[in-house]
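A closer look at the structure
Residues per chain, in single letters:
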Amino acid sequence: MSYDTNNIFARILRGEIPCHKVYEDEHTLAFMDVMPQADGHTLVIPKMPSRNLLDADPKALGALMASVQTVANAVQQAFGAEGILVQQFNEPAAGQTVFHLHFHILPRSTGVGLRPHTGKMADHALLAEHAAKIRAALEG
Ligand code: 5GP
C-alpha cells in the first residue's frame, strides 16, 4: 500500500483545503474532525507522510504521541469530559477512510453516546467555536 500525496489530510497540510486548527508544531497538526462523533472530536496528524501506523517512520511517533497527549488534555479540559477515547484505524478493513496517519481524540462522559463514524458534516460555525475552546485550554 502506498501513500497518496493527494489525500485530504496531505492537502490540509499544504493549505489547499481549510481546517479548524487547534494546535501546530514543527512535526504535527491538530484540527477538528468535520464529521464529529462527539463535540470536540479532534484529529492529530504528523506532518511526515505515512499512510497509517503500519508504515510510519518510528522516529516521527514520539513527537506525534506527545501532541496526542497535549491535545487530549486540552480537549478534556475544554469539554469537561470525564474521559478521552483515542482511536486510530489502519487500512479499510479496520475502518480507515483517510490514508494519512491520524489519531482521533474523542471526549467521553458517562451516558453520552458517540455519533456514527463518518456521519454528518458539522456546522462550520460550531466547529470554529469548538476549536477556539480547545485553543483557549491549550493557552491557559
Ligand atoms: P478514519 O476513518 O480514516 O480513521 O477517519 C477519517 C476521519 O476524517 C473521519 O472521522 C472523517 O470525519 C474525517 N474527515 C474526512 N474528511 C475530512 C476533511 O476534509 N476535513 C476534516 N477536518 N476531517 C475530515
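These notes cover the structure that comes with them. Everything quoted here is computed from the prediction, not taken from an experiment.

1. Re the packing of aromatic side chains
Across all of its chains, the model carries one aromatic pair by this definition. Positioned over the ring face of F79 is K133, at 4.5 Å from the centre of the ring.

2. Concerning the pattern of salt bridges
Tallied over the full model, the rule gives seven salt bridges. A salt bridge links E16 to R14; the nearest nitrogen and oxygen atoms lie 2.7 Å apart. The class of R14 is partly exposed, set by a relative accessible area of 42%. For D57, the salt bridge goes to K59, with nearest N and O atoms at 3.5 Å. Of the residues examined, K59 reaches a relative accessible area of 72% and is grouped as exposed. One salt-bridge network, in which partners are shared between bridges, spans R11, R14 and E16.

3. A short note on helix α2 (residues 58-79)
With 22 residues, α2 should cover 32 Å at 1.5 Å per step; its first-to-last C-alpha distance of 31 Å lies within 8% of that length. Among all positions of α2, only A60, L64, S67, V68, V71, A72, A74, V75, A78 and F79 are buried. Tucked inside the fold, the buried residues of α2 contact β1 (21-24), β2 (28-32), β3 (42-46), β4 (83-87), β5 (103-108) and α3 (124-139). Where α2 ends, the next residue or the one after it, G80, has phi of about 55°, a positive value.

4. Regarding the layout of surface pockets
Here the largest pocket is characterised by a volume of approximately 430 Å³. Lining the largest pocket are 24 residues, and of these I8, F9, D33, V34 and M35 sit closest to its centre. When contributions to the lining of the largest pocket are tallied by element, the ones reaching two or more residues are α1 (8-13) and β2. Top contributing element to the lining of the largest pocket by residue count: α1, with three residues. Of the residues contributing to the lining of the largest pocket, the split by class is 14 nonpolar, nine polar and one charged.

5. Some thoughts on the sheet that holds β1
What the five strands build is an open sheet, ordered β1-β2-β3-β5-β4; its pairing is antiparallel. Every interior strand has two partners, whereas the edge strands, β1 and β4, have only one. Each neighbouring strand pair of the sheet contributes to a mean axis angle of 20°, computed without reference to strand direction. In this structure, β4 lies alongside β5, joined through five bridges in antiparallel fashion. Paired with Q87 across the bridge in β5 is H104. Along the sheet, α2 makes contact with β1, β2, β3, β4 and β5, crossing β5 at roughly 25°. Set on the sheet, α3 makes contact with β1, β2 and β3; between it and β1 the angle comes to about 35°.

Scoring rules and cut-offs
- Residues numbered from 1 in each chain as written.
- Predicted model: local features only at pLDDT ≥ 70, side-chain atom pairs only at ≥ 80, totals over all residues.
- Heavy atoms only, no water.
- Phe/Tyr/Trp six-rings, centres within 6.5 Å; stacked < 30°, edge-to-face > 60°.
- Lys NZ or Arg CZ within 6 Å of the ring centre and 35° of its normal.
- Salt bridge = Lys/Arg side-chain N within 4 Å of Asp/Glu carboxyl O.
- Buried < 20%, exposed > 50% of the residue type's maximum accessible area, 1.4 Å probe, protein only.
- Helix = DSSP H or I, 4+ residues; strand = E, 2+ residues; numbered from the N terminus.
- Expected span 1.5 Å × (residues − 1).
- Contact = heavy atoms within 4.5 Å.
- 1 Å grid on protein atoms, 1.4 Å probe; cavity = no way out; pocket = protein on both sides within 12 Å on 5 of 7 lines; lining within 4 Å.
- Points joined across faces, edges and corners; volume = space filled by probe spheres on them.
- Nonpolar A, V, L, I, M, F, W, Y, C, P; charged D, E, K, R; others polar.
- Pairing = 2+ DSSP bridges.
- Axes fitted to C-alpha atoms, helices over the stretch in contact; angles between N-to-C directions.

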